[in-house]
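# Geometric and topological summary
One-letter residues, chain by chain:
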Amino acid sequence: MNMLDSVKASLKKMKNFINFTRAFFRRNNPIKLLINEIVTSLKDMFSIRQKLKMAQYRVNYHKHQLLKMESLIAESNEHTFLKGKNLNETR
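Quick caveat, the model's predicted, so the values are computed rather than measured.

## Observations regarding the overall build of the protein chain
- Counting its secondary structure elements, the protein chain contains three helices and zero strands.
- Listing the helices and strands of the protein chain from first to last along the sequence gives α-α-α.
- Out of the 91 residues in the protein chain, the part that is buried amounts to 2%.
- As displayed, the protein chain offers around 9,200 Å² of accessible surface, 65% of which is attributable to carbon and sulfur atoms.

Set out below in structure tokens:
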């Protein structure tokens, strides 16, 4: 009887473990998560050139705005080093 009870107990434990494992895989499917991560990383890899191009556009735009602002400030402040520039423009 003792041996039969221990076998039943171990079978019950095994059944509980299988049920817990099945419930875990239903909630958190690691295969699905792995596939989703692979797909997102591939999308990032293929779109990195586009992201780099957009970053370069932004940097160039900000450089252009900075140069424009510097020229506006320089026009409003009449410094001695800019007087030659103004004379050249009026010729």
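## Re the packing of aromatic side chains
- Inspection of the entire model under this criterion finds one aromatic pair.
- Between the aromatic rings of Phe 24 and Phe 25, the centroid separation amounts to 5.8 Å while the plane-to-plane angle is 70°, which identifies the pairing as edge-to-face.

## Regarding helix α2 (residues 30-76)
- Spanning 47 residues, α2 covers 64 Å between terminal C-alpha atoms, matching the ideal 69 Å at 1.5 Å per step.
- Along α2, the sharpest change in direction is near 50° and occurs at Ser 47.

## Examining a nonpolar patch on the surface
- On the surface, Leu 34, Ile 38, Leu 42, Met 45 and Phe 46 cluster together into a nonpolar patch covering about 550 Å² of accessible area.
- By relative accessible area, Ile 38 is classed as partly exposed at 43%.

## Topic: the pattern of salt bridges
- Tallied over the full model, the rule gives one salt bridge.
- The closest approach of N and O atoms between Asp 44 and Lys 51, which form a salt bridge, is 3.5 Å.

## Let's talk about the confidence of the model for the protein chain
- In the predicted model, the protein chain carries a mean pLDDT of 85, and the fraction of residues at 70 or more is 84%.
- Helix α1 (residues 2-27) holds the highest mean pLDDT among the elements of the protein chain, 92, whereas helix α3 (residues 83-90) holds the lowest, 56.

Parameters and conventions
Residues numbered from 1 in each chain as written. Predicted model: local features only at pLDDT ≥ 70, side-chain atom pairs only at ≥ 80, totals over all residues. Heavy atoms only, no water. Helix = DSSP H or I, 4+ residues; strand = E, 2+ residues; numbered from the N terminus. Buried < 20%, exposed > 50% of the residue type's maximum accessible area, 1.4 Å probe, protein only. Areas by Shrake-Rupley, 256 points an atom, 1.4 Å probe, with all protein chains shown as cover. Phe/Tyr/Trp six-rings, centres within 6.5 Å; stacked < 30°, edge-to-face > 60°. Expected span 1.5 Å × (residues − 1). Bend = angle between axes of the 7 residues up to and from the residue. Patch = residues over 30% accessible without salt bridge, like charges linked within 9 Å, V, L, I, M, F, W, Y side chains within 5 Å. Salt bridge = Lys/Arg side-chain N within 4 Å of Asp/Glu carboxyl O. pLDDT = per-residue confidence, 0-100.

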